[in-house]
Amino acid sequence: MSVVVQKFGGSSVANAERIMRAARRAIRAKQAGNQVVVVVSARGDTTDDLIELAQEISENPPAREMDMLLATGEQISIALMAMAIQELGEQALSFTGVQVGIRTDSTHTKARIKEISTARMREALDAGNIIIVAGFQGVDEKQNITTLGRGGSDTTAVALAAALKLSGIEKVACEIYTDVDGVYTTDPRIVPEARKMDKISYDEMLELASMGAGVMHSRSIEFAKKYDVPLMVRSSFSDAEGTWIMPEAAWMTGFPVCGAALAKDEVRVFLENVPDRPGVSHQVFAAIAAKNIAVDMIAQSVGRDGKACIGFTVMRNDLNLTIATLQPITTELGGSIAPVEDVCKVSVVGSGMRTRTGVAEKMFAALTTEGVNMKMITTGDIKISVLVDKADGVRALKAVHHSFALEKARPGAGEETVGSLEYQTKTIIRQDAAGDLAQAISRLAGMEDIVISGVKLDTNYGRVTSFDLPDQPGNCSRVFQTVATGHILVDMIVQNLTGPGRAELSFTAPKTDLTRALKRTQDVVREIDPNARVAGESDIAILYVTGVGMRTHTGVARTMFGALASRGINIAMINSSEVCVSVVVDADRGEEALECLREAFKLT
Ligand code: ADP
Ligand code: ASP
Ligand code: MG
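Criteria and cut-off values
- Residues numbered from 1 in each chain as written.
- Chains lettered and ligands numbered in written order.
- Predicted model: local features only at pLDDT ≥ 70, side-chain atom pairs only at ≥ 80, totals over all residues.
- Heavy atoms only, no water.
- Near = heavy atom within 4 Å.
- Polar contact = N/O pair within 3.5 Å; in protein donor to acceptor, adjacent residues only side chain to side chain.
- Nonpolar A, V, L, I, M, F, W, Y, C, P; charged D, E, K, R; others polar.
- Helix = DSSP H or I, 4+ residues; strand = E, 2+ residues; numbered from the N terminus.
- Expected span 1.5 Å × (residues − 1).
- Contact = heavy atoms within 4.5 Å.
- Core = buried A, V, L, I, M, F, W, Y, C linked by side-chain atoms within 4.5 Å.
- Buried < 20%, exposed > 50% of the residue type's maximum accessible area, 1.4 Å probe, protein only.
- Phe/Tyr/Trp six-rings, centres within 6.5 Å; stacked < 30°, edge-to-face > 60°.
- Lys NZ or Arg CZ within 6 Å of the ring centre and 35° of its normal.
- Pairing = 2+ DSSP bridges.
- Axes fitted to C-alpha atoms, helices over the stretch in contact; angles between N-to-C directions.
- Areas by Shrake-Rupley, 256 points an atom, 1.4 Å probe, with all protein chains shown as cover.
- Disulfide = S-S within 2.5 Å.

Turning to the site of ligand 2, a few remarks are in order. Surrounding ligand 2, one finds Ser41, Ala42, Thr47, Glu74, Phe136, Arg150, Gly151, Gly152 and Ser153. Between an oxygen atom of ligand 2 and a main-chain N or O atom of Ser153, the distance comes to 3.0 Å. For the shell around ligand 2, the class distribution of residues is two nonpolar, five polar and two charged.

Here the focus is helix 16 (residues 555-566). Spanning twelve residues, helix 16 covers 16 Å between terminal C-alpha atoms, matching the ideal 16 Å at 1.5 Å per step. Buried residues along helix 16 sit in contact with helix 9 (280-290), strand 23 (451-458), strand 28 (540-548), strand 29 (573-576), strand 30 (580-586) and helix 17 (590-600).

Here we come to the nonpolar core. If you look at the biggest cluster of nonpolar residues, it comprises 76 residues, and the most contacted ones within it are Val5, Val37, Ile116, Cys174, Met205, Leu231 and Ile245. If one sorts the elements of this core by residue count, helix 6 (residues 153-166) sits on top with eight residues. Every residue in contact with Ile116, bar those within four places of it in the chain, is listed here: Gly101, Ile102, Met121, Ala159, Leu160, Ala163 and Met447.

To continue, consider the packing of aromatic side chains. Taken as a whole, this structure holds seven aromatic pairs when the rule is applied. A ring pair is formed by Trp251 and Phe255, whose centres lie 6.3 Å apart and whose planes are at 40 degrees; its orientation type is tilted. The class for Trp251 is buried, based on a relative accessible area of 11%. Here the aromatic residues Phe285, Phe312 and Phe561 are joined through ring pairs into a cluster of three or more. The cationic tip of Lys226 hangs over the ring face of Phe223; the distance from NZ or CZ to the ring centre is 5.9 Å. The residue whose ring lies beneath Arg533 is Phe467, and the NZ or CZ to ring-centre distance is 4.2 Å.

As a further point, take the sheet that holds strand 23. As summarised here, the arrangement of the four strands in space is 23-28-30-29, forming an open sheet in which the pairing is antiparallel. The open sheet has two edge strands, strand 23 and strand 29, and neither has a second partner. The sheet shows a mean angle of 15 degrees between the axes of neighbouring strands, taken without regard to direction. Where strand 28 and strand 30 come together, seven bridges link them in antiparallel fashion. Bridging across to strand 30, Leu543 finds its partner in Val583.

Let us now look at the environment of Val40. Mapped onto the elements of the fold, Val40 is located in strand 2 (residues 35-40). Residue classification places Val40 among the buried positions, given a relative accessible area of 0%. The spacing of Val40 and Met81 is 41 residues in sequence and 8.3 Å in space, taken between C-alpha atoms. Sequence-distant contacts of Val40, defined by excluding residues within four places in its chain, comprise Phe8, Val13, Glu74, Ser77, Ile78, Met81, Ile132, Val133, Ala134, Gly135 and Ser153.

Another aspect to go through is the site of ligand 1. Around ligand 1 there are 16 residues in total, and Thr178, Asp179, Tyr184, Asp187 and Arg189 lie nearest to it. In this structure, Gly10 approaches ligand 1 through a main-chain N or O atom, which is 3.1 Å from an oxygen atom. In this structure, Asp187 approaches ligand 1 through a side-chain N or O atom, which is 2.8 Å from an oxygen atom. Isolated, ligand 1 exposes 570 Å² of accessible area, and the fraction of that covered by the protein chains is 83%. Along the lines of polarity and charge, the residues of the shell around ligand 1 split into six nonpolar, six polar and four charged.

Let's shift gears to the state of the cysteines. According to the stated counting rule, one finds zero disulfides in the structure shown. Unpaired in terms of disulfides, Cys258 finds its nearest cysteine sulfur in Cys580, a separation of 17 Å. Cys596 takes part in no disulfide bond, and the closest cysteine sulfur, belonging to Cys580, lies 16 Å away.

The next thing to look at is the pairing of strand 23. Counting buried residues in strand 23 gives seven out of eight residues, a clear majority hidden from the surface. Relative to strand 28, strand 23 is paired through seven bridges, and the arrangement is antiparallel. Residue pairing in the sheet places Val451 in a bridge with Val548 of strand 28.

Set out below in structure tokens:
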């Protein structure tokens, strides 16, 4: 038997006519011989309206009651959809999250799915019904209604598909119907020239979604990747083929960048003058993680005179809690929290950047030409993110999109690819560091638990650090331009502000190229400011921890920092993305760090 899960977003069920249209689509899928599960969101702006309603009563409504309220939006949709299907002469049954057995943890307003019992669904499907499930909601152990976070219906849909697959159904596919006809190279509402992609890898979509591409809830992609669910994003208003989200294929590495994204809801928090010693970052990030706040970009400056600066971003709605949590800790450490800035984050993503030189340079050059200043830079395995002033966000996104010619046709976006949809290679992160993902998944207690599949130590890199660079547009670009001209593959990049008007820029490069990288950086930095200092270091070790959905799970950083701190190992640099967190430590502590991280993530 084959099952199709069709998810209809808010705009796709906004009025009666659209509900009927979606109902006809579900019926067509059934008539084609599938069992059909329909997942629906709340209609139109219902969820926003409900939030406003709550705010008319209370500025700070209790999270449990918020969930009780928000879950009603989806309940309206399921009833109407079931009526529509029955009106068209097919059997349909609607279910809330509770009824269909979606069990979550108790983190109200951002709950995670623990398990889904498929018994009732299977029974209703086998009896010939199209079943309609409310997206975005579940129930915790104590029968409290929970919601999964804004945009969470995507996650419900893919999780149901995954659960049905795990229950033994051979062929399960998931279709996400929305108001665009697929995943574009960037949000087409912001950049009208953006191009529709025909195919994109799980990892690329995961990064794009978590970097701000609102078309998919990033956690839904975690499910798709973990449980290998074929997934398509397509328009509910046409029959045009949409975008396949699939395992990585060889052709996907044929170009450096597949898409760009803008995140507007972040703020930058900056801790100044904290002691530069092992355990400090752990104290800071453990406190934040304990409050379930997801930290995004983290840049810790190398530190001088025994003092370091830690910069990171959090979602705006977590800001008050973040400050309240960190104020006492920072004071106790003798540091301070700098005034918070309104920022935007521009990111580029692409599997091809793993093996290519000059990607960062191209991005930075585009921003420099636009006169956009980069406040912070971090990289990940397949992404580069730059923090810019809020007012510069859209201009920066457009410039970056254009600089990688993302509006032009290429394989997988308007042009044919070799091997079409055949899964050509399994998703590989850092080659052998990917470990055995399937094995890691089989050990999970809850469906949405964090997956850590491997830790790898790499001692083939060195680091170049420029201290006290004037914080002006163009400086980073100049450094990386020189490095790229030497065809040196830059791996991690971290740039952080260290004081008024001063920035610190570190990057790692293969040891074999370190002397050249250092020389080139020194030459260009001398031209920028003779007082700035450049240092090269070959005694470093990089540890890569790989998995799925690592950035959004607040526990990963806590475990990592905790494990390293407990052995007194100092973290000199850190980069994180959804699929890989990397840290730089002293070379002579590399093996020990590897061992303690393997232990901490139970990989031994
Ligand atoms: P739904 O209600 O169906 O879940 P969403 O509003 O959540 O719909 O997602 C669709 C919207 O996502 C599009 O209208 C588009 O503006 C936005 N979007 C952001 N980034 C992208 C992208 N890379 N590709 C396509 N759409 C995007
Ligand atoms: N209705 C919820 C929201 O608006 C969930 C969803 O649409 O995916 O965020
Ligand atoms: Mg959505």
